[in-house]
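The chain contents come next:
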Amino acid sequence: MAYEVIIPAAGQGKRMGLGKNKLFLELDHLPVFIHTLLVFENDPNCNGIWLVVSSDDKKQMSELVKKYAIMKVAALIEGGSERQHSVYHAVKEISDDTIVLVHDAARPFIQTDQIARLTKVAEESGAAVLAVPIKDTVKRVDGDLVVETVERSSLWAIQTPQAFRISILKEAHEKAVVDTYIGTDDASLVERFGQAVHIVEGNYDNIKLTTPEDLYFAEAIVAKRKI
Ligand code: CTP
Ligand code: MG
């Protein structure tokens, strides 16, 4: 199932605490965001990559895209102050009637089979996200007091990619701008106007590199995949 992908890479990686964008960190001799781009570069169903970068990182990222011969990067899009703005800058540029995936550059372990399953559901339904069942017990807390234990069987941790028919994603972002609504993912924008969003079960190793300890897990995943 053919698709295009928006890859937001315009963050600052503050929680990683490196003083530079975490996406330049090397895993197995390649920068994190190059790992992510290569998955889509090598997926025959991917027709184009919209890479969103900050003005600070534009030059260096553009050089690395050339160095590693990522040919599907249609354009480098200028990022915004929030992730949602970064995604919207790319959404506005897409004129093809297509399925669009939004995938965080900070999730380098995504695999093609998950993308294919997700894209198929989005093609049939309009909107789908990869997710995994929550493993921890989750409690709602007020200060240091437990208020309630949330029923876990219906809780899923939502990942990217998230896949949408472009018309649905565009309308959702436009409505969010009008309402000055900021969501933590793209699906939340779509849910706001009653569009069904389907869950596609993904893998626990599709982690987002967010805080320093995530790098231990990342090294372990790299080592495991080499076996
Ligand atoms: N992102 C973006 N534009 C922003 C903020 C984030 O394109 N204004 C991208 C990041 O580069 C990352 C993805 O969105 O690939 C997920 O965001 P997150 O993990 O929060 O990364 P950062 O915002 O860079 O990290 P932090 O929140 O710790 O600063
Ligand atoms: Mg962030």
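Here we summarise the structure given alongside this text. (Residues numbered from 1 in each chain as written. Chains lettered and ligands numbered in written order. Predicted model: local features only at pLDDT ≥ 70, side-chain atom pairs only at ≥ 80, totals over all residues. Heavy atoms only, no water.)

1. Considerations on the site of ligand 1
So, step 1. With respect to spatial proximity, 19 residues lie near ligand 1, and among them Gly13, Lys14, Arg15, Ser86 and Lys208 are the closest.
So, step 2. A distance of 3.4 Å is found between an oxygen atom of ligand 1 and a backbone nitrogen or oxygen belonging to Ala9.
So, step 3. Take Ser81: an N or O atom from its main chain is 3.3 Å from a nitrogen atom of ligand 1.
So, step 4. Protein contact buries 88% of the 560 Å² of open area that ligand 1 shows by itself.
So, step 5. Here the residues of the shell around ligand 1 sort into six nonpolar, six polar and seven charged. (Near = heavy atom within 4 Å. Polar contact = N/O pair within 3.5 Å; in protein donor to acceptor, adjacent residues only side chain to side chain. Areas by Shrake-Rupley, 256 points an atom, 1.4 Å probe, with all protein chains shown as cover. Nonpolar A, V, L, I, M, F, W, Y, C, P; charged D, E, K, R; others polar.)

2. Remarks on the nonpolar core
So, step 1. Within the largest apolar cluster, 43 residues are counted, with the highest numbers of intra-cluster contacts made by Phe33, Leu37, Phe40, Ile49, Leu51 and Leu101.
So, step 2. Counting residues per element, the ones that place at least two in this core are β1 (3-8), α1 (32-41), β4 (46-53), α2 (58-67), β6 (99-102), α4 (112-125), β7 (127-133) and α7 (214-226).
So, step 3. Considering each element in turn, this core owes the most residues, six residues, to α1.
So, step 4. If you look at the next biggest cluster of nonpolar residues, it comprises 23 residues, including Ile77, Ile166, Ala187 and Leu189. (Core = buried A, V, L, I, M, F, W, Y, C linked by side-chain atoms within 4.5 Å. Buried < 20%, exposed > 50% of the residue type's maximum accessible area, 1.4 Å probe, protein only. Helix = DSSP H or I, 4+ residues; strand = E, 2+ residues; numbered from the N terminus.)

3. Things to note about α4
So, step 1. A rise of 1.5 Å per residue sets the reference length of α4, with its 14 residues, at 20 Å; its end C-alpha atoms lie 20 Å apart and thus fit the reference within 8%.
So, step 2. Against the buried residues of α4 lie β1, α1, β6, β7, β10 (156-165) and β11 (198-201).
So, step 3. Gly126 lies just past α4 and shows a positive phi near 105°. (Expected span 1.5 Å × (residues − 1). Contact = heavy atoms within 4.5 Å.)

Geometry only, nothing functional implied.
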